[in-house]
Amino acid sequence: MRVPLSWLREYVDLPATETGRDVQAKLISAGLEVETVEQLGADLKGPLVVGQVLTIEELEGFKKPIRFCTVDVGTANGTGEPQEIVCGARNFAVGDKVVVVLPGAVLPGNFAIAARKTYGKTSHGMICSGDELGMGDDGSGGIIVLPPEVEVGTDAIELLQLVDEVLDIAVTPDRGYCLSLRGIAREAAIAYGLPLRDPALLDVPAPNAFGYPVRVGDPAGCDRFTARTVTGLDPEARSPIWLRRRLQKAGMRPISLAVDITNYVMLELGQPLHAYDRSRVQGAIGVRRAEQGEKLTTLDGVKRTLDAEDLVITDDRGPIGLAGVMGGANTEIDDTEGTTTEVVVEAAHFDAISIARTARRHKLASEASKRFERGVDPQAASAAAQRTVDLLVLLAGGTADAGVTEVIAPSAPHTIAIPANHPDKVAGVDYGRETVVRRLQQVGCDVYGQDELIVTVPSWRPDLTDPNDLAEEVIRLEGYENLPSTLPKPPAGLGLTARQRLQRRIGRALAGAGYVEALNYPFIGEHVFDQFGLAADDPKRKVVKLVNPLSDEEPALRTTLLPGLLGALRRNDGRGSHDLALFETGLVFHPQRELRVAGRLPVDRRPTDEEIASLTAALPVQPRHAAVVLAGAREQAGWWGKGRPADWADAVEAARILAREAGTELLVRSGQYGPWHPGRCAELAVLVDGTEKVIGYAGELHPGVLKSLGLAPRTCAMELDLDALEEASAGLPKGPKISTFPVATQDVALVVSREIPHADVEAALREGAGELLESIRLFDVYESEQLGEDKKSLAYALRFRATDRTLTVDEASAARDAAVALAAERTGAVLRGA
């Protein structure tokens, strides 16, 4: 919300010495986010005056049209003679009043003006456009043409209000009333302790039976609708300079008088309005829900297909506007033709949630929807309509119709019971009842009672719903900076939890292995499960959906880390980084079997264990996962060698790194799941209380998945459940016992069926070798016709060592033979060459 300081002073008598920076500091102290203070015209220096074009000579022989003009600027040039000026603009004629900058002036951007020779003539100044004066877009697209009644020689800096200060305020969703000068002025008046001249305090005629007919078919969606009619408008009337300049300073483009007035009143009072050309409205105006599939062409020229939840404004033909968002093109006031002489002014109050959903559904955010979805004062509708009528009568020469239509759904003011000392308990400060009552009254509340206060909330503050909201108002107006700063005192000696220590060890280990951490938003769209090729009944498809998602395309919480990581991989690959190894550890979310509603925790005491447990039970199940993705080269090529690309084995090795950090034995075997290539996928499992539990998968992703996601060929990935890995862990890994005796190495090559996984053979060898086995390593896999059909040879290096003696050859050979015998028994392995 952009707030010109000169406009703000109309409602609050701020001290003349107060600058925009001073007001900014006061409003920030009151809890508003004033981002910047723009100094308009700070580097502008005159003379800048009103001139009248006397003659125009068209200069020929140039690549673009050039005009040599003489302009009457009165005595502003010191001589009274016409000023000779060269100008390339075409949107003015002889007799027009224009803005002239004379030599010696300085325009915004430190652009000094001097007499100069150009196009064979000497130009003594410039005829100015809005952009050259820092006014922004005024809709004309050229030279400023002033009304004919403006006198020649008038100071244009004052006339056009070029010097001002504008506060740019970021209004949070709960402070919708601050999207108006009325709301900001109220905050400024409270901050300075000054009275407020409320622009909504107008004399409004009572409703009668002569107003324009209105039918509200959905009182829940529209609880108030005011309609007023103005006739006899001058179709040639244009917005005065002061009105256009205020709109420009507030960040809006002047369009036409009727539209400018409705925008002006919206900025002033916070109530969005709409003006209909009465001659283009057929029959009574209605408010109802749209019929599924109905069509409406909005003012932006887009033909929209309506949803059954959309609230629409109608006449006898059907929809003529998207309620609270944008009007329809079929009742637009067409300023270009200049035929509108009668208008119907709409000032209504719509349901905030309905407007927000409609705006998102149609991707149509407007100034009106931005205000309605944050909450508009329903009591201001009639005042806003009256203010619009008054301005149309004043500026367009219209006549206010005697008819006044008001359709109002019965409602009662919202009241809140609050102990007088509740803000004291929340803030830890002794404010006292008098301060609490005074601050709530300044906000606009009616307060009754002594120890127990009954507070009636003002109509413009729908965000005040419970005692804590009222406490916050007292605290912010008394000053957040005045709250005591007390650091919590945690008990000593607790340190990190086992889960936290494991997460940090895993992060360090993966970073040491060459992975880069990439943190992603925990939101996904359900279409990604189709891209991953997951079965219809896959548990990962059961997601927790957000009521108010940041993006309609990603409304659910993630059940896997891979979509975010693969998205980061795709973005980096598209920007030229092709050799990538990324990892992430984070929570995934699964819905509870039984849906529960979380209770509200108290703020005046520590919640009980039962209350915390009840809150936790209402939350989704949130296990912590770890995932990696790889693409491109795993080892770079150079003078040292050819390098090698990342493959499925690197993804499996990343899982083994995590298992080692957790002190857990990881079971790796061939698997098949979702996005992984069925022939290059490893299933990862651990033993939990003697039972195998699958905790994840690793390997190369399926080519179809890579194509649908736009990823590089042979991209690999791994994801596993860290909580399950920790559950299988024996705690911190223990350092191995180091023996001073030499190692005995025995190599064996076993021929097994191609279907037998290496993990099964290794497990049999490890168990058969007994306690003398120190390590086992697969160093070769060989397949050929000589071995036989569907056979493979697995070659292992077995290291034997005793802690108390040097092993003999016979002892090492016996341990090897025992290992081979058990492998033969379990897997049918045969010694190669035997």
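It should be noted that the structure appears before, not after, this text.
Trainee: It is not clear to me how the pattern of salt bridges should be interpreted in this structure. Could you clarify?
Mentor: Note that side chains of opposite charge can pair when their charged atoms are close. Scanning all chains against the criterion turns up 54 salt bridges. A salt bridge links Arg476 to Glu473; its shortest N-O distance comes to 2.8 Å. Of the two residues, Arg476 and Glu473 are both situated in helix H12 (residues 467-478); the distance of three residues between them amounts to about one turn of the helix. Since its relative accessible area comes to 4%, Glu473 is described here as buried. Among the charged side chains, a network of salt bridges with common partners joins Arg175, Glu187, Arg461, Asp463, Glu473 and Arg476.

Trainee: In this structure, what is going on with the environment of Val230? I would like to understand it.
Mentor: By the element assignment, Val230 lies in strand S15 (residues 222-231). Judged by relative accessible area, which is 0%, Val230 ranks as buried. In this view, Val230 contacts Thr341, Glu342, Val343, Val389, Leu392, Gly398 and Thr399; residues no more than four positions away in its chain are not counted.

Trainee: Is there a simple way to explain the packing of aromatic side chains in this structure?
Mentor: A ring pair, where both rings are aromatic, is described by two values, the distance of the centres and the angle of the planes. All chains considered together, the criterion is met by nine aromatic pairs. Taking 4.9 Å as the distance between ring centres and 10° as the angle between the ring planes, the aromatic pair formed by Trp7 and Tyr264 counts as stacked. Taken together, the residues span a long stretch of sequence, with Trp7 in helix H1 (residues 5-8) and Tyr264 in helix H6 (residues 257-269) at a distance of 257 residues. For Trp7, a relative accessible area of 0% corresponds to the buried category.

Trainee: I'm lost on the packing of helix H5 (residues 241-249) against H6 in this one. Help?
Mentor: To characterise two packed helices, one gives the angle between the axes of the helices and the distance between these axes. Packing of H5 against H6 brings their axes to within 10 Å, and their N-to-C directions diverge by 55°. When the interaxial angle is binned, H5 and H6 end up oblique. Crossing angle aside, the handedness with which H5 passes H6 is left-handed. Counting all contacts with H5, which are made through Trp242, Leu243, Arg244, Arg246 and Leu247, the residues of H6 involved are Leu257, Asp260, Ile261, Asn263, Tyr264 and Leu267. Taken together, the residues of the contact of H5 with H6 break down into seven nonpolar, one polar and three charged.

Trainee: Which parts of the structure should I look at to understand empty space enclosed by the protein?
Mentor: Rolling a probe over the atoms, with the probe sized like a water molecule, indicates the empty space that remains. Scanning the model with the defined rule gives five cavities of 30 Å³ or more in all. The computed volume of the second largest cavity comes to approximately 130 Å³. As for the second largest cavity, its lining consists of 14 residues, and the residues nearest its centre are Tyr177, Ser180, Leu269, Asp377 and Trp460. The element best represented in the lining of the second largest cavity is helix H4 (residues 181-192), accounting for three residues. For the lining of the second largest cavity, the per-class residue count stands at five nonpolar, five polar and four charged.

Trainee: Please clarify how the sheet that holds strand S39 (residues 744-753) should be interpreted in this entry.
Mentor: Two orientations exist for strands paired in a sheet by backbone hydrogen bonds: parallel and antiparallel. Pairing is antiparallel in the open sheet, where four strands are placed in the order S40-S41-S39-S42. Because the sheet does not close on itself, it has two edges, and the strands there are strand S40 (773-782) and strand S42 (830-831). Note that S39 and S42 share two bridges and pair antiparallel. Following the sheet pairing, Leu750 is matched in S42 by Leu831. Across the sheet, helix H21 (residues 809-827) is in contact with S39, strand S41 (791-800) and S42; its angle to S39 comes to roughly 15°.

Trainee: Looking at this structure, I do not really get the packing of helix H20 (residues 758-769) against H21. What am I missing?
Mentor: Closest axis-to-axis distance for the H20/H21 pair is 7 Å, and the angle between their directions is 140°. The angle between the axes of H20 and H21 places the two elements in the oblique class. Note that H20 runs across H21; the crossing there is right-handed. Residue-level contacts link Asp760, Val761, Ala764, Leu765, Glu767, Gly768 and Ala769 of H20 to Ala815, Ala818, Ala819, Val820, Leu822, Ala823, Arg826 and Thr827 of H21. Its residues assigned to classes, the contact of H20 with H21 comprises 10 nonpolar, two polar and three charged.

Trainee: Which parts of the structure should I look at to understand the nonpolar core?
Mentor: A general trend in soluble globular proteins is that nonpolar side chains are found buried together. Of all hydrophobic cores here, the largest spans 56 residues; its most connected members are Leu8, Leu27, Leu167 and Ile169. Apart from the residues within four sequence positions on either side, Leu167 is in contact with Met1, Arg2, Val3, Leu5, Gly20, Val23, Gln24, Leu27, Val34, Thr36 and Val37. Listed in part, the 34 residues of the second largest apolar core include Phe583, Val668, Cys716 and Met718.

Trainee: How should I be thinking about helix H7 (residues 352-361) in this particular structure?
Mentor: An α-helix turns once per 3.6 residues; consequently, residues spaced three or four apart project the same way. Every buried residue belonging to H7 is among Ser354, Ile355, Ala356, Thr358 and Ala359, and all of these are buried. Where H7 is buried, its residues meet strand S17 (285-289), strand S20 (311-315), strand S21 (318-322), strand S23 (343-350) and helix H8 (367-372).

Analysis parameters
- Residues numbered from 1 in each chain as written.
- Predicted model: local features only at pLDDT ≥ 70, side-chain atom pairs only at ≥ 80, totals over all residues.
- Heavy atoms only, no water.
- Salt bridge = Lys/Arg side-chain N within 4 Å of Asp/Glu carboxyl O.
- Helix = DSSP H or I, 4+ residues; strand = E, 2+ residues; numbered from the N terminus.
- Buried < 20%, exposed > 50% of the residue type's maximum accessible area, 1.4 Å probe, protein only.
- Contact = heavy atoms within 4.5 Å.
- Phe/Tyr/Trp six-rings, centres within 6.5 Å; stacked < 30°, edge-to-face > 60°.
- Axes fitted to C-alpha atoms, helices over the stretch in contact; angles between N-to-C directions.
- Parallel < 35°, antiparallel > 145°, perpendicular 65-115°, else oblique.
- Left-handed = near helix turned anticlockwise from the far one by under 90°.
- Nonpolar A, V, L, I, M, F, W, Y, C, P; charged D, E, K, R; others polar.
- 1 Å grid on protein atoms, 1.4 Å probe; cavity = no way out; pocket = protein on both sides within 12 Å on 5 of 7 lines; lining within 4 Å.
- Points joined across faces, edges and corners; volume = space filled by probe spheres on them.
- Pairing = 2+ DSSP bridges.
- Core = buried A, V, L, I, M, F, W, Y, C linked by side-chain atoms within 4.5 Å.

Honestly, it's all geometry; don't read function into it.
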